[in-house]
Amino acid sequence: MGKQPEFDTSPPVSDELRKTTCYMCACRCGINVHLKDGQVSYIEGNRDHPVNRGVLCAKGSAGIMQHLSPARLRAPLRRTGPRGSGEFEEITWEEALETAVRWMKPLRETAPEKLAFFTGRDQSQSFTGWWAQAFGTPNYAAHGGFCSVNMAAAGIYTMGGAFWEFGQPDWERTKLFMIFGVAEDHDSNPIKMGLGRLKERGAKVIGVNPIRSGYNAIADEWVGITPGTDGLFILALVHELMRAGKIDLDYLIRYTNAPFLVNGDAGSPDHGLFLRDENGTPLVRDRATGKPVPHDAPGVEPDLAQGVRIAGTTHRPVLQLMAERYLDPAYAPEAVAARCGIPADRIRRIAAELARTAFEEEIVIDRPWTDWKGQRHEKMIGRPVSFHAMRGISAHSNGFQTCRALHMLQILLGSVEVPGGFRFKPPYPKPPEAHPRPHCKARPGQPLDGPHLGYPLGPEDLALTEDGRPARIDKAFSWENPLSAHGMMHMVISNAHAGDPYPVDTLFLYMANMAWNSSMSTKRVIEMLTDTDANGDHVIPHIIVSDAYSSEMVAYADLVLPDTTYLERHDCISLLDRPISEADAAADSLRWPVIAPERPGHAGVRGFQSVLLDLGHRLGLPGMVDEEGNPAYADYADYMVRHERRPGIGPLAGWRGDGSAHGRGAPNPAQIERYIENGGFWLAHIPEEAQYFKPWNAAYQDWAVETGLYDSPQPYVFNLYSEPMRRFQLAAEGHGHRQPPDHLRARLSETMDPLPFWYPPFEETAVSEDDFPLHALTQRPMAMYHSWGSQNAWLRQIHGVNPLYVPRKVWDAHGFEEGDWARLTSPHGEITVPVALMEALNGDTVWTWNAIGKRRGAWALDETAREAREGFLLNHLIHELLPPKGDGLRWANSDPVTGQAAWYDLRVRIDKTTPPDDHASRPAVPAQRSPVGRGPRNLAFKGGKA
C-alpha cells in the first residue's frame, strides 16, 4: 500500500501581525492584519476590541481586496478631457497642491464662502470642520444630512442622544427589543452580537420594516409596515399606553419636562413657552403647596395633573397637553390600521406587550446611587424594553417628527438610561444646550466666527445674512430647514448650479460620490456638474475631489488628490467626533499605516488629512502655521498627538501627559505608540455606580468631568415638549424680531410642533396615488457599504447584481415570471430593470439594494461587468425638488425641520416590459474612461501578492 501524501492543514498565514481599525463600514471594528513577506495576507477580528470582540463581517474580512483593488488611484490627476469623460493626466504632488492653492487662495482673501467643502463617509469631521473654519467658509458639512440627520437631531433635541453612535440597548438585560427601519449595513457586528445574546436569553425581537431581510428575517415577529407611516404606528402605541395608564409617572416627574408649566394664553408672545422664574428656571406646580416652584428645587413634588393660573393666564403641565393630543381618537389603532397596513388588534397587542414587559418584568439592581439633587437611591430600577432605529424611519419628509415620536415612546415607558433599556455611550448624553450653535459669518482673510454645525435653540441661531437670506450654499439652518444639524450635502450641487443663494467658485469633495449614488437625482446632478454658461465656462468653475479609488465622482473632477487606503494611513476615531464608546465605557481608537502606501512608477498617494494640513500651511490658515510661517504640524499623525481643542483635550484621550493620564492631560509624544501597543484603542470603564441614569447620576457627571467629556456637571431633563421648536412656531405666528418669509409661515407653524405628530410624506400629497400606487425603497446590504464594495473581488460574488424585488400581490397582478423585466416610472423619470419575486415584503412596496449598480468604466470594472450592465439605481427616479404644487414655488424634497433628504418618499408605478436587446438596465449612462486601467478578469492572490 502506497504512502499517503502529507498536507499542512494549518499553514502559517503571516510572519507579522498588526492591529488597527477597520474602515469597510462606519462600524469601526478592531482588526488583526496579518502580513506575509511585507504584504497583507489575511484580516480577522480583534478579540480584545470593545466594538466587535473578534467578530468580523464579510466586508471587514474582504478588506484585503479593498486594499489591493485595481481601482486604487496612483497619483494626482489633472483633467484633460470633458468633465465626466474620465480623461486625465498624472501630475506631481507639487503641481496638484499649487493648483489647489491657486484656486483657493484668492477666494480666502476676497470671498471665502465661494469655497464649498463637503466630505462624505469621513470619520474625521472634527478635523475637517476645524480646517474649514480656519479657511473661513461657512460652506462645510458631511454626509449625515443625506443619511440620518433626522434620527440624530430628533434624539439630541428630545433626550440628548439617539441610536447607534449615541447609545445602544442594554443587551444583557433587555427582554423586548423593537427595531424600526434598520438595514444591515451600519453597526452590523455589535447588533449581530446583541441579537445573539437576546436569542440566547429568550428575549423577544420585533422588527418593523416594509422589507424582511437581515435582522428582520430573524426577528420573532415581523411588522411589514407601509413606508412613511412608522410615526403613525408609534403614536397609536402611545395612545394605547396612555389609555391604559401604562406610562412611568415617577420617571416622567423626575427626569423629564412632563411637569413643566406651559403658557396657555393664545395672545401672549410667550404662548407655548415654559413659565420661568427670574433666573430662567422652568417652573412646576408643587403638589404640597399648589404654587409654581423651580423644577429642580430640593424636595419639590411636581404635579402632573393640575396647572396654575397667574394674572389671568393658565399654565398647564406638558403631560396634560400630551394626553389631549395622543388620546385623540385619530391615533386609535382602528383609525391608523389601514394606512399603516397593520391590523388594529395587532397594534393593541404590541402595545400591551410593551406595557407588560416594562412594568411586570421590572428589573431591580441592588446598586445605590445619588442623583444630581443629592437624593440617594438604594436600587437601580429598570424597564427591560429597548428600541433601535435607523434611516428607514429617518429618510422621509416626516422623519424628524417620527424619530421624536419613537424617543418619546421610550421615555413614556421609562426605558432610557435604566437597566434593560436604552443606554447612552460617552460622550453622550448631551442635550442641545450643551452643543454649539451654528456659525456662518464669512470675512475675507479671516476664520469663520465659530463652528459650522450645531443645534439652534431659536430663530436667533439661524445661519442667515443680515437681510434674512440663507448664508450657506446648502441653505442649512435657514427658515426652510431650521434644525439641519448635519448640513444638507444633497443640495450643494443643485444650489451651486442655480446660484441660489449665490454661486460658488470651487467645490471641494472628499470621499463623496455625488455623481452617482450619493445624490437625489443622478442624471440631473451629472448635467449640473457638466453644464456651461453662455461663455462656455462651467457653471461650477472648479471641482476638486479626493478619493482613494476611481469612483464615478472622480471622473467629474478638474483636480484629483489621491487618498490612501485605510491600511496605509493614520486616522483618528475621536471622542471629539464619532467615537467607538460602549455604554459602560468611553473609548476611542486609531488607524496607522500597517503597510506603506506604495504605487511603483507613479507619484503616489497621500492621506487626505495630511494633505489638508499641507494646504493649510500653504494658505497660511490659523493653527496650521507657526510664528515663522512654517507648518505647525508635520502631518496628521503629528496633529493627532499635539493638537489641543482646548487645554488638555486633544483628538486622542488615552495615555496623555506622561502616559498615565486619560481624558485630560498634556500631549504625549509617545501616545500613538501606546495605542498601537494596546491593539489600536483606548478604553476607560465607567464606575459601577455611574453606569445608569447618566443625565442625572452625580457619580457619572463627576466621572465625565474628570474624563474631559464635560468641563462641569451638566444634568438636564428630557424634552418631551421641545421649547426650541415652539420658538420657531411663534416666529411663524408673527412674534419676535426675526421673522420668516411669508411663504414659509404656514409650513413652519405646522411642522415645528413642539410635541411629536404625524403627517403624510410630502411626495404622497403631491402626486396621484392612482398614477403612482407603489412605494419604492433602497436598502444597503450587510456585505456592501455604499459604492465601495463593488470593486471588491470577494464582495462582488455576494452582490453582483440587484434586481427590483416585487411583492406577490404586484407580481401576480402584472403576470410577472422569473427572468422578466419591468419599467418603473416616477413623476421624475423611468428606469427599465430586471425583477424578482419577494414574498416577505409589504404588498405596496418595491425595493432594491442600493449602490450595486455602477457606471460603466468606474471602479476599474470591465464595461461588461454585471454591476454596470444590469445593476441600477433608484436615484434616477428621485428629484431634489418636489413636483410643482401650483403655487409658483419649488419645494425641497426634504424634511422641513432638518432638511434630510426624503428619498424614501418615492412613489412609482410598475409595468411589465420586454428586456432591452442587450439585457442592460436603462438609463445607461455613457462609459467613463478609467485613469487606472481595468482590473484583471481573474484574480489570484497568495500571501498578499498577485
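The structure we're discussing is the one just above.
Residues numbered from 1 in each chain as written. Predicted model: local features only at pLDDT ≥ 70, side-chain atom pairs only at ≥ 80, totals over all residues. Heavy atoms only, no water.

**Examining helix α9 (residues 230-243)**
The terminal C-alpha atoms of α9, which comprises 14 residues, lie 20 Å apart, in line with the 20 Å expected from a rise of 1.5 Å per residue. Most of α9 is tucked away, with 13 of its 14 residues classed as buried. Immediately downstream of α9, the backbone of Gly245 shows phi near 70 degrees, a positive value. (Helix = DSSP H or I, 4+ residues; strand = E, 2+ residues; numbered from the N terminus. Expected span 1.5 Å × (residues − 1). Buried < 20%, exposed > 50% of the residue type's maximum accessible area, 1.4 Å probe, protein only.)

**Here's the deal with the environment of Trp682**
Turning to its location among the elements, Trp682 is positioned in strand β28 (residues 681-685). Distance from Trp682 to Tyr157, taken between C-alpha atoms, is 29 Å for residues 525 residues apart in sequence. If sequence neighbours within four positions are ignored, Trp682 has contacts with Leu575, Ala586, Ala587, Asp588, Ala653, Gly654, Trp655, His662, Gly663, Tyr675 and Thr707. Engagement of the side chain of Trp682 in a polar contact is seen with the side chain of His662, the distance being 2.8 Å. (Contact = heavy atoms within 4.5 Å. Polar contact = N/O pair within 3.5 Å; in protein donor to acceptor, adjacent residues only side chain to side chain.)

**A word on the side chain of Thr402**
With respect to the helices, strands and loops of the structure, Thr402 is situated in helix α15 (residues 399-412). A polar atom in the side chain of Thr402 sits 3.1 Å from the backbone oxygen of Asn398. The contacts of Thr402, once residues within four sequence positions are left out, are Asp230, Gly231, Ile234, Ile393 and Trp758.

**Brief notes about unusual backbone geometry**
Most of the time, phi is negative for any residue but glycine, and the peptide bond is trans. Along the chain, Tyr428 connects to Pro429 via a cis peptide bond; the corresponding omega equals 20 degrees. Tracing the backbone through its elements, the reader meets Pro429 in the loop between β22 (422-424) and α16 (492-498). Across the junction of Asp500 and Pro501, the peptide omega takes the value 15 degrees, indicating a cis bond. Residue placement: Pro501 occurs in the loop between α16 and β23 (506-510). A positive phi angle, close to 65 degrees, is found at Arg28, a residue other than glycine. Here Arg28 is to be found in the loop between β1 (16-21) and β2 (30-36). Arg28 gets classed as buried once you look at its relative accessible area, which sits at 4%. The residue Asp37 is not glycine, and still its phi comes out positive at about 55 degrees. Mapped onto the elements, Asp37 comes out in the loop between β2 and β3 (39-45). Overall, Asp37 belongs to the exposed group, its relative accessible area being 56%.

**Some thoughts on the sheet that holds strand β24 (residues 542-547)**
The seven strands lie next to each other as β5-β4-β25-β24-β23-β6-β7, forming an open sheet whose pairing is mixed. Among the strands making up the open sheet, the edge pair consists of β5 (88-90) and β7 (140-141). Bridging between strand β4 (residues 77-79) and β5 involves three bridges; their strand directions are antiparallel. Across the sheet, Leu77 pairs through a bridge with Glu90, a residue of β5. (Pairing = 2+ DSSP bridges.)

**Quick notes on the pairing of β23**
Burial runs high along β23: five of the five residues are buried. Alternating residues of β23 divide into Thr506, Phe508 and Tyr510 and Leu507 and Leu509, and every residue in both groups is buried. The pairing of strand β6 (residues 115-119) with β23 spans five bridges and is classified as parallel. In the sheet register, Phe117 faces β23, and the bridge partner there is Phe508.

**Brief notes about the nonpolar core**
By size, the foremost hydrophobic cluster in this structure holds 180 residues, and its most contacted members are Trp131, Phe508 and Leu615. The next biggest cluster of nonpolar side chains, apart from the first, holds 104 residues, and it includes Phe260, Ile350, Val717 and Phe728. (Core = buried A, V, L, I, M, F, W, Y, C linked by side-chain atoms within 4.5 Å.)

**A closer look at the sheet that holds β3**
Overall, antiparallel pairing links the three strands, which are arranged β1-β2-β3 in an open sheet. The open sheet has two edge strands with one neighbour each: β1 and β3. Between one strand axis and the next, the sheet turns by 30 degrees as a mean value, whatever way the strands run. Pairing between β1 and β2: six bridges, direction antiparallel. Across the sheet, Thr20 pairs through a bridge with Ile31, a residue of β2. (Axes fitted to C-alpha atoms, helices over the stretch in contact; angles between N-to-C directions.)

**Some remarks on the environment of His786**
Tracing the sequence through the fold places His786 in the loop between β29 (774-779) and β30 (804-806). Each C-alpha atom of the pair His786 and Cys25 lies 8.6 Å from the other, and the pair is 761 residues apart in sequence. Those residues in contact with His786, other than ones at most four positions away along the chain, are Arg121, His143, His186, Asn517, Arg780 and Ala851.

**With respect to the pattern of salt bridges**
Taken as a whole and assessed by the stated rule, the structure comprises 67 salt bridges. Measuring nitrogen to oxygen at the nearest pair gives 2.8 Å for the salt bridge that ties Asp558 to Arg83. In this pair, Asp558 sits in the loop between β24 and β25 (559-562) while Arg83 sits in the loop between β4 and β5, placing the two residues 475 residues apart along the sequence. Taken as a pair, Asp558 and Arg83 share a single burial class, namely buried. One salt bridge connects Arg934 with Glu863, and the closest N-O pair in it is separated by 3.6 Å. Of this pair, Arg934 sits in the segment after β34 (907-913) while Glu863 is found in the loop between β33 (845-849) and α26 (866-869), placing the two residues 71 residues apart along the sequence. Of the residues examined, Arg934 reaches a relative accessible area of 35% and is grouped as partly exposed. Glu863 gets classed as partly exposed once you look at its relative accessible area, which sits at 34%. A single salt-bridge network, built from bridges that share partners, covers Lys204, Glu221, Arg346, Arg349 and Glu353. (Salt bridge = Lys/Arg side-chain N within 4 Å of Asp/Glu carboxyl O.)

**A closer look at empty space enclosed by the protein**
It is a probe the size of a water molecule, rolled over the atoms, that shows where empty space is left. Taken as a whole, this structure holds 12 cavities of 30 Å³ or more when the rule is applied. A volume near 150 Å³ is recorded for the largest cavity. Taken together, 19 residues make up the lining of the largest cavity; nearest its centre are Gly181, Asn209, Gly392, Gln779 and Tyr904. Going through the elements one at a time, α14 (391-394) and β29 are the ones with two or more residues in the lining of the largest cavity. Split by residue class, the lining of the largest cavity holds nine nonpolar, seven polar and three charged. As for the second largest cavity, its lining consists of 13 residues, and the residues nearest its centre are Tyr23, Met511, Tyr549, Tyr566 and Trp788. (1 Å grid on protein atoms, 1.4 Å probe; cavity = no way out; pocket = protein on both sides within 12 Å on 5 of 7 lines; lining within 4 Å. Points joined across faces, edges and corners; volume = space filled by probe spheres on them. Nonpolar A, V, L, I, M, F, W, Y, C, P; charged D, E, K, R; others polar.)

**A few points about the side chain of His876**
Along the polypeptide, His876 turns up in the loop between α26 and β34. When near neighbours in sequence (up to four residues on either side) are disregarded, His876 contacts Thr522, Lys523, His828, Gly829, Ile831, Pro923 and Val925.

**Observations concerning helix α6 (residues 149-159)**
When you tally the buried positions in α6, you get 11 out of 11 residues, the bulk of the element. For α6, every residue scored as buried is listed here: Val149, Asn150, Met151, Ala152, Ala153, Ala154, Gly155, Ile156, Tyr157, Thr158 and Met159. Summarising the contacts, the buried residues of α6 are in contact with α5 (144-147), β21 (385-389), α14, α15, β22 and α22 (723-732).

**Let's talk about the packing of aromatic side chains**
The relative placement of two aromatic rings is captured by the distance of their centres and the angle of their planes. In this structure the tally under the stated criterion is 44 aromatic pairs. Here Tyr636 and Tyr639 contribute two aromatic rings whose centre-to-centre distance is 5.6 Å and whose plane-to-plane angle is 15 degrees, an arrangement assigned as stacked. With Tyr636 and Tyr639 both in helix α19 (residues 636-642), this residue pair falls three residues apart, about one helical turn. For the pair shown, Tyr636 and Tyr639 are each scored as buried. Centroid distance Tyr716 to Phe718: 6.1 Å. Interplanar angle 55 degrees. Geometry classified as tilted. (Phe/Tyr/Trp six-rings, centres within 6.5 Å; stacked < 30°, edge-to-face > 60°.)

**Some remarks on the pairing of β6**
The element β6 is largely enclosed, with a buried count of five among its five residues. Pairing of β6 with β7, which is carried by two bridges, proceeds in the parallel orientation. From the neighbouring strand, Phe117 faces β7, where its bridge partner is Tyr140. Once the chain exits β6 it traverses helix α4 (residues 125-135) before rejoining the sheet at β7, and the crossover so formed is right-handed. (Right-handed = clockwise from strand over helix to strand, strands pointing away.)

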